[in-house]
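Coordinate inspection notes
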Amino acid sequence: MKIQSLGVPALTDDTRAPVAVKTRKALAILIFLLRTPGNTIPREALADFFWSNTSRDKATQSLRQALRQLRTIEETAGIRFLQTGNMHVSLDPGGLDWDLVRLGTLIGRGRAADFKEAETLWKGEFLYGYEALDPEFNSWLLIERERIRTDLLADCFRKIDVMTAGDDDESIEAAAKFLLHVDGTLEHAHQILIRRYLTLGQTERARQQLKACERELAIGLDAKPDPATYRLFEETAGPVPAGTGAKRGVFNLSGMLGPLDSEEIRLPEISILSLSLDSSGQMNARMLRDEIVAGLSSYRSFELIQAEYREEDSGGSVTRVESGELGSYLLRFRHDPAASRVYIQFESRDTGRILFNEIIDFDVLSDRNSAHVAAFHTVSRIHAYVVGRLRKGGMSMPFARWCQAESLIWEFTPAADAKALLILDQLERSHNTFSMTYAGKASINMKRLLYYPKEMADSKQGIEDILSVAERGVLLDPWQSVNQRVYGWALVQSGLAEDARRAFRHAEQLNLVDPNNLMSVAEGLAFVGDIESARKIAERAFGLFPAVPRIFFEYLANIHFAAEDYSSAAEFIERAPAGSIFGLTTRIAALVCTGRENDALNVLETFNRRFGNSIDRDLLRPHDQFPWHQRINFFQDPNTRANYRRGADLVQRFFFGGF
């Protein structure tokens, strides 16, 4: 039986068919026993370890249920690995094969193919997502993760040390790439790749690796590469200016911040008042409150303040404040255990006016996911009110001005982009360390590069300049989801697929409640080839929308196109807004790939009648030896790129007769 415990855990029997596990704790117990010396642990210790917040009797009962689930796995897989007694639980690991053992075997062999396979096995942190099972288990998990990571990296470096340059060059390169897949901040691994590329005469590839090293160290460690890394170029390929990748548009960390801002960025304030939520037995109510607060925190658009706890009969009230244009608000939670309800009230602290009330009835909520959706709707309503008010204009505070610029960016028109750039230029002059300014500017210029290539050619800005601006936003604040998301898109357009994938996954984890963030991340992951993650994230995002914006059907069409599900791509793109030349190209490519060329020509005829006069004819012409089909083709998989180009070529021939 095979066990996968990195990334999303799964079990398979010898036929590799999925083996169902009812709870994650059952699987966590199995893996905990595998990592325990001697594979034996007292029953009481195991119960206390996974159910530390419950009584001993209840913990023991829960342990028995989990062990029964493991017995079910034994029956399904047809092997026996668990021994249980009155005092101890033991594991016989002989019949179990799991990915950590497999990783050790692959690294021990040390061939190029072995390291490439190891890279596919390492899908992320050990037992990622299992941190909330229990505080005791989480403490063990954090230590165990570091132990596993350290041991794997040490084994890999030891393997590299015994390899012979020349005979094992391909294996050394594969090993270094595996190391960076596990930890992008390992400068020695970057040096190994730079040295190899320079030896092969691939100077440009070596410079790209240096840029990747600079990015990873700046974001992950807030550091610059060692001078020895730059000296590799001096030794092999001539000097490289310190602190840069020796190419125009690469951002230099030194001197990045310039003069300090005269004023920090203030955000709207939300005070949180909890009534009757901290008495025992109110777990559901506290979890709902915590999920709402965590969701608001994910946006990083509010100053969240914990107000004093008061009983409802205390007669106390929160003092009104004069908060200025940003606003100050009170979010009040009250739990009624008799009715099994939580009452949520959102009000203005400036005026005392109640802005909305919500009632969450736990008797109506069918499962944990229903509570999650209810929390999301509350978070969305608060965000929409507070940020929507700031987007209306007429306000001068920096965060309000950013909200106005962001609203204009989402309009996708040249006039709106021009207005947004004016706001962002003013913000950069007055608050040059406000990170989202640079994400906004990079986003606009990426759109211009796609939609208005002649204008961008006149401005002399290329994708490397845009990447540099997006990178600055991340360097200033790597915890802001929009910064990571825009950085990911700039990396996609720069052809740096693996770096883009990491940026998109960072953006996803930074805000799991914003469907706009999730859909953009899902589409980006599809373009770089992480199809399964893209589908799951898109499905989660669609489940959060009360009414799905039509533009997101275009995102979904691209995800299905990347998965080579061309029929679904053609179906979803029909539900997207008409008039976009890029959406049209996706639709034509999907129809061509399903053998429906006549339907594709009919769609082009209809599009031409409705929108032909509004098409920027210059858009489809090549500029600076960078053809239109290359500018719009974000798919990184070669086969998918070729299939998408079939649609782009047909669109180009239809409108321009072969340009």
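Residues numbered from 1 in each chain as written. Predicted model: local features only at pLDDT ≥ 70, side-chain atom pairs only at ≥ 80, totals over all residues. Heavy atoms only, no water.

Points about the overall build of the protein chain
On a plain count of helices and strands, the protein chain comes out with 27 helices and 11 strands. Relative to its 659 residues, the protein chain shows a buried fraction of 53%. Of the contacts formed within the protein chain by residues at least 6 apart in sequence, a portion of 62% connects residues at least 24 apart. (Helix = DSSP H or I, 4+ residues; strand = E, 2+ residues; numbered from the N terminus. Buried < 20%, exposed > 50% of the residue type's maximum accessible area, 1.4 Å probe, protein only. Contact = heavy atoms within 4.5 Å.)

With respect to the packing of helix H6 (residues 135–161) against helix H7 (residues 169–182)
Relative to each other, H6 and H7 sit at 165°, their axes nearing to 10 Å. Put simply, H6 runs roughly antiparallel to H7. Two packed elements cross with a definite hand, and for H6 against H7 that hand is left-handed. Note on element contacts: H7 touches H6 through Ile172, Ala175, Ala176, Phe178, Leu179 and Val182, opposite Arg149, Leu153, Cys156, Phe157 and Ile160. Taken together, the residues of the contact of H6 with H7 sort by class into 10 nonpolar, no polar and 1 charged. (Axes fitted to C-alpha atoms, helices over the stretch in contact; angles between N-to-C directions. Parallel < 35°, antiparallel > 145°, perpendicular 65-115°, else oblique. Left-handed = near helix turned anticlockwise from the far one by under 90°. Nonpolar A, V, L, I, M, F, W, Y, C, P; charged D, E, K, R; others polar.)

Considerations on the sheet that holds strand E4 (residues 82–84)
Taken in spatial order, the 3 strands of this open sheet run E3-E5-E4, and their pairing is antiparallel. A single partner strand is all that each edge strand has here, and the edge strands are strand E3 (40–42) and E4. If you compare each strand with its neighbour and ignore which way they point, the axes differ by 15° on average. With 3 bridges connecting them, E4 and strand E5 (residues 88–91) associate as antiparallel partners. The residue bridging Gln83 from the neighbouring strand is Ser90, located in E5. The sheet strands contacting helix H2 (residues 43–50) are E3, E4 and E5, and the helix crosses E3 at an angle near 85°. (Pairing = 2+ DSSP bridges.)

Section: the sheet that holds strand E7 (residues 269–275)
Spatial strand order, E8-E7-E9-E10-E11: 5 strands in an open sheet with mixed pairing. Edge strands, defined here as strands with exactly one partner in the open sheet, are strand E8 (303–306) and strand E11 (354–361). Between one strand axis and the next, the sheet turns by 20° as a mean value, whatever way the strands run. Strand direction decides the pairing type here: strand E9 (residues 328–336) and strand E10 (residues 341–348), joined by 8 bridges, are antiparallel. Residue pairing in the sheet places Tyr329 in a bridge with Ser348 of E10. Across the sheet, helix H11 (residues 283–299) is in contact with E7, E8, E9, E10 and E11; its angle to E9 comes to roughly 160°.

As for the side chain of Asp499
Mapped onto the fold, Asp499 is located in helix H19 (residues 497–510). Judged by its relative accessible area of 14%, Asp499 falls in the buried class. Non-local contacts of Asp499, meaning those with residues more than four positions away in its chain, are made with Ala212, Arg215, Glu216 and Leu491.

Description of H7
Across its 14 residues, H7 extends 20 Å between first and last C-alpha, which sits within 8% of the 20 Å expected from 1.5 Å per residue. The element H7 is largely enclosed, with a buried count of 11 among its 14 residues. Of the residues making up H7, those classed as buried are Ser171, Ile172, Glu173, Ala174, Ala175, Ala176, Phe178, Leu179, Leu180, His181 and Val182. Close packing links the buried residues of H7 with helix H4 (99–109), helix H5 (112–121), H6, helix H8 (187–199), helix H9 (203–221) and H19. (Expected span 1.5 Å × (residues − 1).)

With respect to the environment of Gly327
For Gly327, the location among the structural elements is in the loop between E8 and E9. Residue classification places Gly327 among the buried residues on the basis of a relative accessible area of 6%. Sequence separation between Gly327 and Val386 is 59 residues, and the spatial gap between their C-alpha atoms is 7.9 Å. If we skip the residues at most four places from it in the chain, Gly327 touches Pro268, Glu269, Asp350 and Arg389.

Considering the nonpolar core
Residues Ile292, Leu331, Phe346, Phe399, Phe561 and Ile588 are the most contacted members of the largest nonpolar core, which totals 120 residues. Considering every element that reaches this core, the biggest residue donor is helix H24 (residues 581–593), with 9 residues. Look past the residues within four positions of Leu331 in its chain and what remains in contact with it is Ile270, Ser271, Ile272, Leu273, Ile292, Leu296, Ile344, Gln345, Phe346 and Ile382. Judged by nonpolar contacts, the second largest core, of 70 residues, contains Leu96, Leu100, Phe137 and Phe233. (Core = buried A, V, L, I, M, F, W, Y, C linked by side-chain atoms within 4.5 Å.)

Quick look at the packing of H4 against H5
Closest axis-to-axis distance for the H4/H5 pair is 8 Å, and the angle between their directions is 160°. It follows that H4 is roughly antiparallel to H5 by the angle criterion. Note that H4 runs across H5; the crossing there is left-handed. Facing Asp99, Arg102, Leu103, Leu106, Ile107 and Arg109 of H4, the residues of H5 in contact are Asp114, Phe115, Glu117, Ala118 and Leu121. Looking at the contact of H4 with H5 residue by residue, the class counts come to 6 nonpolar, no polar and 5 charged.

Observations regarding the confidence of the model for the protein chain
Of all residues in the protein chain, 83% have pLDDT values of 70 or greater, and the mean over the chain is 81. Scored below 50 in pLDDT, residues 309–316 shows 13 contacts in the model against residues more than four places distant or in partner chains. (pLDDT = per-residue confidence, 0-100.)

Regarding unusual backbone geometry
The backbone of Arg300 sits at a positive phi, close to 50°, despite the residue not being glycine. Within the secondary structure, Arg300 is located in the loop between H11 and E8. You can call Arg300 partly exposed: its relative accessible area is 33%. One non-glycine residue with positive phi stands out, namely Ser340, at about 55°.

Structural notes on the environment of Asn602
Looking at the secondary structure, you find Asn602 in helix H25 (residues 597–611). In this structure, the C-alpha to C-alpha distance between Asn602 and Ile588, residues 14 residues apart in sequence, is 10.0 Å.

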